[in-house]
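# Structural characterization, general
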Amino acid sequence: MVKVVCVLYKGGPAAQEESRLLGTTENKLGMEKYMKDNGHTFIVTDDKEGPNSVLHKEIVDADVVITTPFHPGYINAELIDKAPKLKLAITAGVGSDHVDLNKANERKITVAEVTGSNVVSVAEHVVMSILLLVRNYNVGHAQVYRNKEWYVADIAKNAFDLEGLTVGTIGAGRIGFRVLQRLKPFDCKELLYFDYQNLPSDAEKEVGARRVQDLDDFLSQCDVVTINAPLHEGTKGLMNKEKLSKMRKGSWLVNTARGAICVADDVADAVNSGHLRGYAGDVWDKQPAREDHPWRTMQGPGGPSGSSYGNGMVPHYSGTTISAQKRYAEGALEIFDNWINGKIQTPANIIVENGEYASKAYGQGRGK
Ligand code: NAI
């Protein structure tokens with residue numbers, strides 16, 4: 001019997017209306033009965049920040065922590081030091097950067113995630129975000145819905161077709177590849193990718209994508225860049241003022257990977273000045289995002305004021321659709337059940353184990 005602390009977002013009335021919202025504090029990833037039947041202590045909370053939070057207080061004698069990237073319990077080195085019994089950190093979803101992975105290695109804590117559980121959910125969101133920026137959807141929608149106006153030219157002056165544009169992904173793993181697959185029928189001029197790993201040659205051929213090995217060169221060739229790489233030392237703050245300046249004037253950037261891959265103020269400056277025609281995504285450097293975060297209010301200079309022209313930001317939800325929640329809830333339970341019963345884990349789910357990186361995705365030269 002072990003103690004499990006689980007950090008989820010609050011569902012409120014939405015969780016009462018929709019029982020399939022499994023990733024909420026109310027619905028507890030559907031794990032409550034299993035934990036109770038097996039005699040485990042199962043603490044579920046959304047209270048995660050600061051020394052007086054439930055997470056910080058309860059983790060001190062916990063064996064396992066379960067978190068999601070949507071409302072991340074930040075399991076940093078300091079917190080790990082306060083949790084001497086901690087042996088397993090499960091991410092119900094994909095992306096375990098909210099856990100200090102180097103510290104987890106030092107302590108030989110296993111970090112596992114439900115690999116693949118929401119990759120289609122995110123890839124669809126990426127394609128939607130590219131289209132809403134390139135086609136200037138926000139301005140058109142605000143015009144008819146909020147302002148009750150009809151001024152076609154004011155929308156059309158900033159609306160383009162995706163056909164004929166060059167789109168590139170930073171990271172061509174499970175999500176990046178699915179984005180390329182979904183973009184293929186749009187007849188883009190070219191699909192590019194920047195990754196330290198080659199796509200398998202049949203996958204590269206299927207989508208007709210070309211790898212560009214130098215990031216500056218890659219950025220200068222793209223009309224649209226989408227970021228689909230994990231957050232680690234090599235990607236933190238990667239898209240800063242200098243890299244953004246390498247992007248084409250009037251290009252678009254979509255980031256559904258992790259907010260901290262981009263420097264928030266530098267992106268806001270690039271959008272507000274019109275160097276970027278738009279930025280969209282659902283991930284923020286710290287979540288929930290602060291009320292005065294510049295990404296809430298940034299707006300391109302070419303659109304009507306207050307229209308959110310060039311701003312496609314939403315809260316972190318692309319990977320937590322109803323369709324995805326079932327998959328990551330079941331996957332998280334499977335990881336726990338395998339661990340407690342000494343069963344073999346699905347290798348792709350393991351990020352770090354026995355003091356080593358098991359995944360290649362968290363930095364060049366790491367993992368098997
Ligand atoms: P994956 O592990 O299948 O692919 C990641 C790819 O990024 C790998 O090919 C890796 O080589 C590449 N990469 C790593 N560092 C790089 C760098 N410095 N430059 C270029 N490429 C680099 O992971 P998957 O499933 O595609 O997910 C990617 C990320 O997307 C996750 O780590 C997570 O942060 C984010 N994500 C966001 C979600 C959301 O709801 N917004 C949901 C799921 C994932």
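All of the points below concern the structure found in this document. (Residues numbered from 1 in each chain as written. Predicted model: local features only at pLDDT ≥ 70, side-chain atom pairs only at ≥ 80, totals over all residues. Heavy atoms only, no water.)

### As for the site of the ligand
Inspection of the region around the ligand gives 30 residues, with Arg 174, Ile 175, Asp 195, His 232 and Thr 256 positioned closest. A distance of 2.8 Å is found between a nitrogen atom of the ligand and a side-chain nitrogen or oxygen belonging to His 232. Within the side chain of Ser 318, an N or O atom sits 3.1 Å from a nitrogen atom of the ligand. Within the complex, the protein chains bury 94% of what would otherwise be the 880 Å² of accessible surface of the ligand. Of the residues assigned to the shell around the ligand, the class counts are 14 nonpolar, twelve polar and four charged. Both domains that meet at the shell around the ligand, namely domain 1 (3–117 + 321–362) and domain 2 (119–313), each give it at least three residues. (Near = heavy atom within 4 Å. Polar contact = N/O pair within 3.5 Å; in protein donor to acceptor, adjacent residues only side chain to side chain. Areas by Shrake-Rupley, 256 points an atom, 1.4 Å probe, with all protein chains shown as cover. Nonpolar A, V, L, I, M, F, W, Y, C, P; charged D, E, K, R; others polar. Domains from an automatic or database assignment.)

### Description of the packing of helix H6 (residues 119–134) against helix H9 (residues 174–183)
At a minimum axis separation of 9 Å, H6 and H9 run at an interaxial angle of 50 degrees. When the axes of H6 and H9 are compared, the pair comes out oblique. Crossing angle aside, the handedness with which H6 passes H9 is right-handed. Within the contact between the two elements, H6 uses Val 119, Val 120, Val 122, Ala 123, Glu 124, Val 126, Val 127 and Ile 130 and H9 uses Arg 174, Ile 175, Arg 178, Val 179, Arg 182 and Leu 183. The residue inventory of the contact of H6 with H9, partitioned by class, reads ten nonpolar, no polar and four charged. (Axes fitted to C-alpha atoms, helices over the stretch in contact; angles between N-to-C directions. Helix = DSSP H or I, 4+ residues; strand = E, 2+ residues; numbered from the N terminus. Parallel < 35°, antiparallel > 145°, perpendicular 65-115°, else oblique. Left-handed = near helix turned anticlockwise from the far one by under 90°. Contact = heavy atoms within 4.5 Å.)

### Structural notes on the sheet that holds strand E11 (residues 276–281)
Strand order in the open sheet formed by seven strands is E8-E7-E6-E9-E10-E11-E12, and the pairing between neighbours is parallel. Edge positions in the sheet fall to strand E8 (209–211) and strand E12 (311–313), since each of these pairs with one other strand and no more. With strand direction ignored, the average angle separating the axes of adjacent strands in the sheet is 20 degrees. Sheet analysis places strand E7 (residues 190–194) next to E8, joined by three bridges and oriented parallel. Looking across to E8, one finds that Leu 191 is bridged to Ala 209. (Pairing = 2+ DSSP bridges.)

### A word on the packing of aromatic side chains
One pass over the structure, following the stated rule, counts seven aromatic pairs. Seen in terms of ring centroids, Tyr 34 and Phe 336 are 6.0 Å apart; in terms of plane orientation they differ by 85 degrees. Their pairing is edge-to-face. Separated by 302 residues along the polypeptide, Tyr 34 in helix H2 (residues 32–37) and Phe 336 in helix H15 (residues 322–340) bring together distant segments of the chain. Classification of Tyr 34 by relative accessible area gives buried; the value is 18%. Both rings, one in Tyr 279 and one in Trp 295, keep their centres 4.9 Å apart while their planes meet at 45 degrees; by these two values the pair is tilted. Taken together, the residues Tyr 279 in strand E11 and Trp 295 in helix H14 (residues 294–297) connect sequence positions 16 residues apart. Like Tyr 279, the residue Trp 295 is buried in the burial classification. Linked through ring pairs, Tyr 34, Phe 336 and Trp 339 together constitute an aromatic cluster. The aromatic ring of Tyr 145 is capped on one face by Lys 148, whose charged end is 5.7 Å from the ring centroid. If you follow Arg 296 out to its NZ or CZ, it ends over the ring of Trp 284, 5.8 Å from the centre. (Phe/Tyr/Trp six-rings, centres within 6.5 Å; stacked < 30°, edge-to-face > 60°. Buried < 20%, exposed > 50% of the residue type's maximum accessible area, 1.4 Å probe, protein only. Lys NZ or Arg CZ within 6 Å of the ring centre and 35° of its normal.)

### A word on the pattern of salt bridges
Under the counting rule described, the total for this entry stands at 22 salt bridges. Arg 20 is the salt-bridge partner of Glu 18, the closest N and O atoms lying 3.0 Å from each other. Glu 18 gets classed as partly exposed once you look at its relative accessible area, which sits at 22%. Between Glu 106 and Lys 103 there is a salt bridge whose closest N-O contact spans 3.4 Å. Here Lys 103 and Glu 106 lie together in helix H5 (residues 101–107), a separation of three residues that amounts to about one turn. Residue classification places Glu 106 among the exposed residues on the basis of a relative accessible area of 59%. A single network of salt bridges, built from pairs that share partners, joins Asp 216, Glu 242, Lys 243 and Lys 246. (Salt bridge = Lys/Arg side-chain N within 4 Å of Asp/Glu carboxyl O.)

### Points about the environment of Thr 68
Relative to the helices and strands, Thr 68 is located in the loop between strand E3 (64–67) and helix H4 (77–81). Each C-alpha atom of the pair Thr 68 and Phe 177 lies 23 Å from the other, and the pair is 109 residues apart in sequence. Those residues in contact with Thr 68 that sit more than four places away from it in its chain are Val 7, Leu 8, Gly 73 and Ala 92. From its side chain, Thr 68 meets the backbone nitrogen of His 71 in a polar contact 3.4 Å long.

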